[in-house]
Every structure is written in C-alpha cells, then in structure tokens.
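# Residue-level structural notes
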Amino acid sequence: MSRARSHLRAAFYLEAVSPRGATTRTAARRALSARPAPLKPGMEYQDAVRTLNTLQTNASYLEQVKSQQGDPQTKLEAMELYLARSGLQVEDLDRLNIIHITGTKGKGSTCAFTERILRSYGLKTGFFSSPHLVQVRERIRINGQPISRELFTKHFWRLYQRLEETKDSKSRVSMPAYFRFLTLMAFHVFLQEKVDLAVVEVGIGGAYDCTNIIRKPVVCGVSSLGVDHTSLLGDTVEKIAWQKGGIFKHGVPAFTVPQPDGPLAVLKERAEQISCPLYLCPQLEALEEGGPPLTLGLEGEHQRSNAALALQLARCWLQQKDHRGIGELTASRPSLLQQLPLAPVFQPTSHMRHGLRDTEWPGRSQVLRRGHLTWYLDGAHTSSSMQACVRWFRQALHRGERRGSAPEVRVLLFNSTGDRDPAALLKLLQPCQFDYAVFCPNLTEVSSTGNEDQQNFTVTLDQVLLRCLEHQQHWRHLDEEQASPDLWSAPSPEPGGPASLRLAPCPPHTHSSGSLVFSCISHALQWITQGRDPVFQPPSPPRGLLAHPVAGSGASVLREAAAIHVLVTGSLHLVGGVLKLLEPSLSQ
C-alpha cells in the first residue's frame, strides 16, 4: 500500500512513475476540488460555466445511484417537466425540424457531415452534440460555429433563473443535471435563433436519453453499433441496439448503416413495432458510380460509412421539405443480405459534395503537423472505433513516411474512462509499435484554475491516477507478451467487422517500449515535445519531471529524433485537453 501511495504522490508532484509493485487498493478519496457553491448570477461566461458545473453529479453520489437504478421511463417524464418549467412544451420542439442521430461509433461525425451538407444549401442550422473538447459552448452550434460566450451567458442565466423561479419546494431535485440542462438550453437557443433545422446527437443510448422527448423529428439515423456504456445500456450489442432504436417514431423515416445480423434484427423489430420505415444505406461507392469520387473533410476509411448515412439523412430532410432538385424518397431495391429495403442510390448534388469536402470535426481522425512533430488525434474509445483508429493511424504513418536514416519516434498518449476495458483497447494499439506509451488523466493542468470548461466532479483525483497506473500495468504486460513469439497472435476483428481490419502478427520486439505516467496533460506534453513544438512552449519543465530513468533517457531520444509521431486516443476528453494546449485559439 505504501508503494502505491508513493506512486500517486510522485504522479501528483509532476514525476513520471513506474508501476512495478504498485497496487490499486482503495486509497483515501481526495476530490478533484470541492463542488463550487452556486454563484450569484452575473454576466461573465466563466461564472455561468462554474454554476453549470454545480449540476454535475459528484463522485460519491454517482457510486450510490449506480446501485439504485430506478424506472428509466421516469427520466423522460422528468425531462418533460423541466421543459415545461423552462417555458416550453414538447409541441414547441416540432418547429425545429430535427434530425435525430444515435449510434455507438461515428454518430458525432455523421452529425457533422449532415449539418455541413445542409448548410451548403444556404440553410440556417443548429447542432447539438456532446461531449465538448475545449469549451462547453461547442455543444451548441449555429451554422457550424459554437455559440458566442455572450450568447451562451445570456441563455444560460435566462434558463437558470427560470428554473429557479419555478422550482417546487417539495421537490428533492430542483435543477436538471448537467447534460439535461444543456439539452434544454440548446432547444431554447435554436428556437430563439430561428434555425431552419437542428441536428441533435443522442447523448447515451436512445430510448431513455433526455433528447428523446423529441416526438416528431423529420428523420432519424443510427450509425455503427458496438458495445459501450454497458452499465447503462446492457452488456450485448443486441441490448444496446434496442436502446438505440428507441429514437424511432411512428411514420418517421429512419436510416442505418450495415450492421451485424443480431443488432440489425433488433432495429428492424423496433421499427416494425411502431410502423417506422427503416432503410439500409448503400455503400458510398454506389453513390460514386458514374461521377467523380467524393472527397471527405474527415480522414479515415471508416468515415465513408458515416458520410453515406449523412447523405441519406440530408437528402431525406430536403425531400420532405420540398427542396428543389431533390427527388422523392423511395427505396431502390430490397437488401437481400440484411432484409431491409435499401435506401435510394442517387448522384450527390454539388452542394452535397461541397458539404462532405468542407466538413470539420476536431478530435476525430485529425492530424496536426508542427515542425518535427505530427499529432494524430482521435477520440476512439470502443473496440470497433479503436480498430478503425489503428488502421487510419498506420495508413497516415505510411503516407507521411520520411526517407532517410535519421530515427523517427512513435509515442502513444492514452487514457480511458468509465466502464470501458482499457486492456482490450491497449491490445489493439500494440501493432503500432510505439517507442513510448504515456498515460495521464484528462486534466489539462494540475490546478483547475482557468479550466472550468473541463472540470469533472464525477471522479476523484485518486481514482483517475490509479486508473492511469492500471493502464501502464496493462501496457507492460502486453509488451512482455508481444516479446514472446509463442504468445503473440493477431487480434481478431469484432464479430461482423470487416476482414480488412485483421492485423498481421508482429515479430518479437528486441526491446520493450518505455511507459510513463504523468499527473496532467500539460506535463505529458512537455515531456513529449521537449520544446520542439512551435506553438506549445510552456515554462521550463517542473522540478522532478525527468526523475524517472525512462523519462530521462527518453528525453534525449525525443530531442534528437528526425520526426516524432504522437497518437492521442482513448478518450475524447483527453483529446480535448491536448487541443486546448496545442491550439490556444480554441479557448478564445
């Protein structure tokens, strides 16, 4: 136990640590910071964010309610009450012409593609998504841009005060939780701004997600399905498909991408029960026949599935709104393999092509080239999305390979949260043959001052540091396994996944990759960059940063490398913290 505590203390005081002998027995809980008391409403953006953060569920309460799950239907009923208290009725949401999108992998990218396509037609768009990367106002966008600090502040205090005025003294909960509040706020913003349409991304699940108070969307979409959030949605992809299909509405067209037979059958059954016409999206290649190839603004082969879904959603919306140049929505032919009608095969218009090409969605298959450093940012956090991330990263490395004898270094920066299986995710990353693996919490700095947008009260500091040590232990174990030829074999793709994702066995390492744990993202980046990133130029390294032997020797290697390739993955919150430091303009 003393050994584990010494590791925690070392990480907290900015040192890289080794896990040998470390244990993960319960440490004294130490909160990231005390939950701030509600502030008297002012007109400053940071005041609004701090007050919003008081609506987060703190760590101890979260552990308690996990074992006391009530009737999920009551959550939607509560959301309707909050909506009424805020001054709106469910019927008011019908005026927003909503496109409602759920899924496990790619739903955010699908939303981004869809919004950008429709904006290219000159339509005024609203876009609600989660999580945010740098600033919370990113979750609510008008015409593709996060709402301004002034607009966020105005709408936040207006909604907050309205809910305060209408609270019931007998009610135990007078304010909606963090995500519910932002969902309500997005509806108010979109109505006030008189958007032509709103693209709404489901938070978690579908059936009982607070966004599912939307009763009359124009069209619904389901991106690729997999296993995630098992404590809330179920431990099989079929149970998760049942939750995702909960957004289907009577008579409202819905589209999905090719799925494994099990979850697809569940989606089909859910749709048939309520007479929801469900269509299967054809591959993007089918829409490219007879015309030039489509160019996507987001990198990675896996984005083609998201783009195909977005094209169908946008076309369906335009057709239902009698937009000129768009034909009627009719299925082209039955899908013999998946027993669903195939969505129309059509030639994308020039507006659609431009929309796909101009789509931007930071933190997803994103590359930043900065002198000797190249950053590869992808918030993959499920097995299927990590497989896609690995394939994209290896292809990007091959394209950017430099000719010469000077050494190039590969670095992994990783963290995972929630009930995800870090060992499974890390095993998928092994074939990338990193020279160093770096682990840190999703904390931009040790101090929360100035980082209110990224505060998280649902975990304690001890919890996140111990989890990083566990990640390091998993990595070392996998590294030792890979060094033994008889133990290492290629990982199998997910059931129903493309065979092209199979990874060939790698020859045994002649040396093990170094691994380090840092207490925050800033210190991890200081070690990785060694002052060589032209934008990220922090003060001199904190005392003790190079105390560990791997940190000291690795620093010399990084300073002399001809190129440094850094993959940041495992958590969108980690990616957001890295972007905050690498792209200061995102904090403006």
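Residues numbered from 1 in each chain as written. Predicted model: local features only at pLDDT ≥ 70, side-chain atom pairs only at ≥ 80, totals over all residues. Heavy atoms only, no water.

### A closer look at the overall build of the protein
Counting its regular elements, the protein contains 19 helices and 16 strands. The proportion of buried residues among the 588 residues of the protein is 56%. Here the contacts in the protein between residues at least 6 apart in sequence split such that 78% fall between residues at least 24 apart. Entry remark: accessible area of the protein is about 24900 Å², with carbon and sulfur atoms responsible for 50%. (Helix = DSSP H or I, 4+ residues; strand = E, 2+ residues; numbered from the N terminus. Buried < 20%, exposed > 50% of the residue type's maximum accessible area, 1.4 Å probe, protein only. Contact = heavy atoms within 4.5 Å. Areas by Shrake-Rupley, 256 points an atom, 1.4 Å probe, with all protein chains shown as cover.)

### Side note on the pairing of strand β15 (residues 514–517)
By the alternation rule, side chains of β15 split into G514 and L516 and S515 and V517, which are all buried. Judged from the four bridges that link them, strand β14 (residues 436–439) and β15 form a sheet pairing that is parallel. Residue pairing for β15: A437 is matched across the bridge by S515. (Pairing = 2+ DSSP bridges.)

### Comments concerning the pattern of salt bridges
Taken as a whole and judged by the stated rule, the model has 16 salt bridges. Of the charged contacts in the structure, one is a salt bridge between R95 and D92, with a shortest N-O distance of 3.7 Å. Between R370 and D533 there is a salt bridge; the shortest N-O distance is 3.2 Å. You can see R370 sitting in strand β11 (residues 366–370) and its partner D533 sitting in the loop between α17 (521–529) and α18 (549–560), a full 163 residues away along the chain. For D533, a relative accessible area of 0% corresponds to the buried category. Where salt bridges share partners, they join E285, E288, E301 and R304 into one cluster. (Salt bridge = Lys/Arg side-chain N within 4 Å of Asp/Glu carboxyl O.)

### Focus: the sheet that holds strand β16 (residues 563–569)
Pairing is mixed in the open sheet, where six strands are placed in the order β11-β12-β16-β13-β14-β15. If you trace the sheet from one side to the other, it starts and ends with β11 and β15, each paired once. Strand-to-strand twist of the sheet, defined as the mean angle between neighbouring strand axes without regard to direction, takes the value 15°. Direction of pairing for strand β13 (residues 408–414) relative to β14: parallel, over a ladder of four bridges. Looking across to β14, one finds that L412 is bridged to A437. (Axes fitted to C-alpha atoms, helices over the stretch in contact; angles between N-to-C directions.)

### Remarks on unusual backbone geometry
Here S130 and P131 are connected by a cis peptide whose omega angle stands at -5°. Its location among the elements puts P131 in the loop between β2 (125–128) and β3 (140–142). For S365, which is not glycine, the phi torsion reads 50° and is therefore positive. Summarising the element assignment, S365 is placed in the loop between α13 (350–357) and β11. The class for S365 is buried, based on a relative accessible area of 4%.

### A closer look at the UniProt feature "binding site: ATP" (unreviewed entry) in the protein
Under the UniProt annotation, the feature "binding site: ATP" (unreviewed entry) is placed at R364 and D378. Mapped onto the secondary structure, R364 falls in the loop between α13 and β11. Using a relative accessible area of 13% as the deciding quantity, one classes R364 as buried. Setting aside residues no more than four positions away along its own chain, R364 makes contact with S109, P131, L133, Q303, L377, D378 and L572. Mapped onto the secondary structure, D378 falls in the loop between β12 (373–377) and α14 (383–399). (UniProt positions renumbered as here; feature names shortened; annotations may be inferred.)

### Overview of the UniProt feature "binding site: Mg(2+)" (unreviewed entry) in the protein
Taken from the UniProt record, the annotation "binding site: Mg(2+)" (unreviewed entry) applies to S130, E201 and H229. The topology assignment puts S130 in the loop between β2 and β3. Beyond its immediate chain neighbours, meaning those up to four positions away, S130 contacts R139, F179, E201 and G203.

### A word on the nonpolar core
Counting residues in each nonpolar core, the largest one holds 44 residues, and the members touching the most others are F152 and F190. At the level of elements, α2 (45–53), α4 (73–85), β3, α6 (149–165), α7 (178–192) and β5 (197–201) are the ones that each hand at least two residues to this core. The element best represented in this core is α7, accounting for 11 residues. Look past the residues within four positions of F190 in its chain and what remains in contact with it is L96, G126, F127, F128, I140, R141, I142, V195 and A198. If you look at the next biggest cluster of nonpolar residues, it comprises 38 residues, including I101, C111, A308 and L309. (Core = buried A, V, L, I, M, F, W, Y, C linked by side-chain atoms within 4.5 Å.)

### A look at the packing of α14 against helix α15 (residues 422–429)
Taken N-terminus to C-terminus, the directions of α14 and α15 make an angle of 20°; their axes are 9 Å apart at the nearest point. The orientation of α14 with respect to α15, classified from their angle, is roughly parallel. As α14 runs across α15, the sense of the crossing is right-handed. For the pair α14 and α15, contact is made by S383, M386, Q387 and V390 and by L425, L428 and L429, respectively. Here the contact of α14 with α15 is composed, by residue class, of five nonpolar, two polar and no charged. (Parallel < 35°, antiparallel > 145°, perpendicular 65-115°, else oblique. Left-handed = near helix turned anticlockwise from the far one by under 90°. Nonpolar A, V, L, I, M, F, W, Y, C, P; charged D, E, K, R; others polar.)

### Concerning the side chain of T110
Mapped onto the elements, T110 comes out in helix α5 (residues 107–119). Owing to a relative accessible area of 0%, T110 belongs among the buried residues under this scheme.

### Examining the pairing of β11
Within β11, four of the five residues are buried, leaving the element largely enclosed by the surrounding structure. Examined bridge by bridge, β11 and β12 share five bridges and lie antiparallel to one another. Residue R370 lies in a different strand from β12, and its bridge partner there is L373. Taken together, β11 and the strand that follows it, β12, pair antiparallel across an intervening segment of two residues, in which G371 is found at a positive phi of about 65°.

### A few points about the packing of α5 against α13
α13 packs onto α5 with a crossing angle of 135° between their chain directions and a minimal axis gap of 8 Å. In terms of orientation, α5 and α13 fall into the oblique class. Regarding α5 and α13, the two cross each other, and that crossing is right-handed. Contacts between α5 and α13 involve F113, R116 and I117 on the former and, on the latter, H351, M352, G355 and L356.

### Notes on the confidence of the model for the protein
Predicted confidence across the protein gives a mean pLDDT of 83, with 77% of residues reaching 70 or more. Long-range and interchain partners of residues 1–39, a stretch whose pLDDT sits below 50, account for 99 contacts in this model, where long-range means more than four residues apart. Confidence drops under a pLDDT of 50 for residues 58–65, and excluding neighbours within four residues, the segment shows 10 contacts in the predicted structure. (pLDDT = per-residue confidence, 0-100.)

### Concerning the environment of E44
Along the chain, the position of E44 falls in the loop between α1 (2–12) and α2. Classification of E44 as exposed rests on a relative accessible area of 53%. Through-space distance from the C-alpha of E44 to that of K154 is 9.3 Å; in sequence the pair is 110 residues apart. Among residues more than four places away in sequence, those in contact with E44 are T153 and W157.

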